[in-house]
Amino acid sequence: MTDESYIKLAIEIAKKGMGSVAPNPLVGCVIIKNERIIGAGFHEKFGGKHAEINAIESAIENVDGGTMYINLEPCSHQGLTPPCANRIIESKIKRVVVGTLDMNPLVSGRGIKKLKSAGIDVKVGILENECVNLNKFFFKYILSGIPYVTIKVAQTLDGRIADEHGQSKWITSPQSRKFVHELRSKYDAVLVGAGTVKQDDPNLTVRLVEGRNPRRIIIDSNLSIRSTNKLYLNNSDKKLIIVTSVNNLDKKNKLKRLTNAGAHIIFVNEDEKKKLNLKEVLKELGKIKISSVLVEGGGGVFTSFIKKNLFDEILLFISPKFLGAGLPVVNNIGIRSIRNALKLKINNCERIGDDILVELNK
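Bear in mind that the values here come from a model prediction, so they are computed numbers and not experimental data.

Looking at the environment of Y141
Phase 1: By the secondary structure assignment, Y141 is in helix α6 (residues 136-144).
Phase 2: Residues Y141 and D237 lie 96 residues apart in sequence; the distance between their C-alpha atoms is 24 Å.

Written out as structure tokens, the structure reads:
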């Protein structure tokens, strides 16, 4: 097998940590000796042992003189766990192949330098694009302090997300809905607006696949959530986050009921349009270590995120249906000419059930 093959394997192993390690990165590690895999491991949970340590400790024989393959540069600083670079040196690994440097300023380049200074042969940049994409949530969060934002839209061929009565169940196929539940398990949080809660009364949990439930965020300017809403009733895991205006600080009784029900309340300022300042919202979410957010609706929320350019990618599920009248994906975002239209890049298209999924970014 080649260096590329072993880094691919490390990437696949790293994915086992999805949903469990944030805001830390996904890391997988493989150790080779005499052309045989003798150890492998991944970062299993936040605060737990790193992939390199798990791989070394899982080895079926002494790793002295072996080659380590890892998708991300080993850390060289003391965090919740000791520096991985030190353990690699102590284990007398002969060669280390790294997919990409760590963009964390505490690490970037330092781990590689420490390994080289110890006489270890180090190779960096194998399948770098794939390795960077694997940790796009982590890199965005560690560099900016705000979460990676994905807008998820389910629409008809004519761009409607609901009929004229606001009904949207079900625009897309069962296969697409299952895919979305799998997506939820990979993100730290799912976000919707108060209008979606009022109209659809969603759960925003993972039910159609196995996986952990994300935190559920409501953008609720007027603190309009009711005790009969599913997000309120089904909060035994205490993962409900309500983002509301600082103007609601005087609603003592309702705030007490919500906090007693396990809801986490975040207060932010309003912008010039009397809407919650989304940039401030993302900063506050970053402060509580949310590194990725899946925005699921509705149209007003989509419009605000797109208009303020506060998204990283869009996942567009297109159902082969026409509605004619109905609610559009976005409303006015201030563009008056086709020449000034917001242009996105198509990264990928695939068929899911009866639908087409288009992956877009800026």
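Describing the sheet that holds strand β1 (residues 28-33)
Adjacent strands of a sheet form backbone hydrogen bonds with each other and so pair up, either parallel or antiparallel.
Phase 1: Overall, mixed pairing links the 5 strands, which are arranged β2-β1-β3-β4-β5 in an open sheet. In this open sheet, the two strands that pair with only one neighbour each are β2 (36-42) and β5 (121-124). Pairwise comparison of adjacent strand axes, ignoring direction, gives a mean angle of 15° for this sheet.
Phase 2: The sheet strands contacting helix α2 (residues 51-58) are β1, β2 and β3 (67-72), and the helix crosses β2 at an angle near 140°.
Phase 3: Packed on one face of the sheet, helix α4 (residues 110-117) meets β4 (95-100) and β5 and runs near 155° to β5.

A look at the nonpolar core
Phase 1: Grouped together as the largest cluster of nonpolar side chains are 33 residues, with contacts concentrated most on I151, L191, I217, V243, L285, V295 and F305.
Phase 2: Non-local contacts of I151, meaning those with residues more than four positions away in its chain, are made with V295, F302, F305, I306, F311, E313, I314 and L315.
Phase 3: If you look at the next biggest cluster of nonpolar residues, it comprises 26 residues, including F137, L183, I225 and L315.

Thoughts on the pattern of salt bridges
Phase 1: This model, assessed by the stated rule, comprises 16 salt bridges.
Phase 2: With a closest N to O distance of 3.1 Å, K123 and D3 form a salt bridge. Within this pair, whereas K123 is found in strand β5, its partner D3 is found in helix α1 (residues 3-14), the two being separated by 120 residues in sequence.
Phase 3: When the shortest N-O distance is used, the salt bridge between E12 and K15 registers 3.0 Å.

As for the environment of P82
Phase 1: Looking at the element boundaries, P82 is found in the loop between β3 and α3 (84-90).
Phase 2: Its relative accessible area of 53% is what places P82 among the exposed residues.
Phase 3: Sequence separation between P82 and K178 is 96 residues; the distance between their C-alpha atoms is 39 Å.
Phase 4: Excluding residues that lie within four positions of it along the chain, P82 makes contacts with C75 and H77.

Focus on helix α11 (residues 278-287)
Phase 1: The complete set of buried residues in α11 reads L278, V281, L282, L285 and G286. All buried residues of α11 fall inside an arc of 135° around its axis, so they share one side. Structural note: α11 exposes K279 and K287 on the side pointing more than 90 degrees away from its buried face.
Phase 2: Capping the start of α11 is the job of one residue whose side-chain oxygen sits 3.1 Å from the backbone nitrogen of K279: N277.
Phase 3: At the exit of α11 stands K289, carrying a positive phi of roughly 65°.

Observations regarding the sheet that holds strand β8 (residues 189-193)
Phase 1: The mixed open sheet is built from 9 strands, whose spatial order is β11-β10-β9-β8-β12-β6-β13-β16-β15. Edge strands, defined here as strands with exactly one partner in the open sheet, are β11 (264-268) and β15 (345-352). Across the sheet, the mean angle separating the axes of adjacent strands is 20° when strand polarity is ignored.
Phase 2: Its contacts with the sheet put α6 on β6 (148-156), β12 (292-297) and β13 (313-319), and the angle it makes with β6 is roughly 130°.

Overview of the packing of aromatic side chains
Phase 1: As enumerated under the stated definition, the model contains 5 aromatic pairs in all.
Phase 2: Between F137 and Y187 the ring centres are 4.7 Å apart and the planes differ by 50°, which places this aromatic pair in the tilted class. Remark: Y187 occurs in the loop between α7 (174-186) and β8 and F137 occurs in helix α6; sequence separation between them is 50 residues. Y187 carries the same exposure label as F137, and that label is buried.
Phase 3: Taken together, the ring pairs in this structure connect F137, Y148 and Y187 into an aromatic cluster.
Phase 4: Positioned above the aromatic ring of W170, the side-chain terminus of R177 is 4.3 Å from the ring centre.
Phase 5: If you follow K362 out to its NZ or CZ, it ends over the ring of F311, 4.7 Å from the centre.

Let's talk about the side chain of E296
Phase 1: In this fold, E296 is placed in strand β12.
Phase 2: Only 2.8 Å separates the side chain of E296 from the side chain of R184, close enough to count as a polar contact.
Phase 3: Apart from the residues within four sequence positions on either side, E296 is in contact with K152, V180, R184, V190, L191, V192 and F302.

What about the pairing of β2?
Phase 1: Sheet analysis places β1 next to β2, joined by 6 bridges and oriented antiparallel. Each bridged residue has a counterpart across the sheet, and for K33 the counterpart in β2 is R36.
Phase 2: Between β1 and β2, which pair antiparallel in sequence order, lie 2 residues; one of them, N34, sits at a positive phi of approximately 55°.

Regarding α4
Phase 1: For α4, the set of buried residues is G111, I112 and L115. For α4, the arc enclosing every buried residue in end-on projection is 100°, short of the 170-degree limit, so these residues lie on one face. In this structure, α4 carries K113 and S117 as exposed residues pointing more than 90 degrees from its buried face.
Phase 2: Where α4 is buried, its residues contact α3, β4 and β5.
Phase 3: In the segment just after α4, G119 is the residue with positive phi, at about 90°.

Thresholds applied
- Residues numbered from 1 in each chain as written.
- Predicted model: local features only at pLDDT ≥ 70, side-chain atom pairs only at ≥ 80, totals over all residues.
- Heavy atoms only, no water.
- Helix = DSSP H or I, 4+ residues; strand = E, 2+ residues; numbered from the N terminus.
- Pairing = 2+ DSSP bridges.
- Axes fitted to C-alpha atoms, helices over the stretch in contact; angles between N-to-C directions.
- Contact = heavy atoms within 4.5 Å.
- Core = buried A, V, L, I, M, F, W, Y, C linked by side-chain atoms within 4.5 Å.
- Buried < 20%, exposed > 50% of the residue type's maximum accessible area, 1.4 Å probe, protein only.
- Salt bridge = Lys/Arg side-chain N within 4 Å of Asp/Glu carboxyl O.
- Arc of directions from axis to C-beta.
- Polar contact = N/O pair within 3.5 Å; in protein donor to acceptor, adjacent residues only side chain to side chain.
- Phe/Tyr/Trp six-rings, centres within 6.5 Å; stacked < 30°, edge-to-face > 60°.
- Lys NZ or Arg CZ within 6 Å of the ring centre and 35° of its normal.

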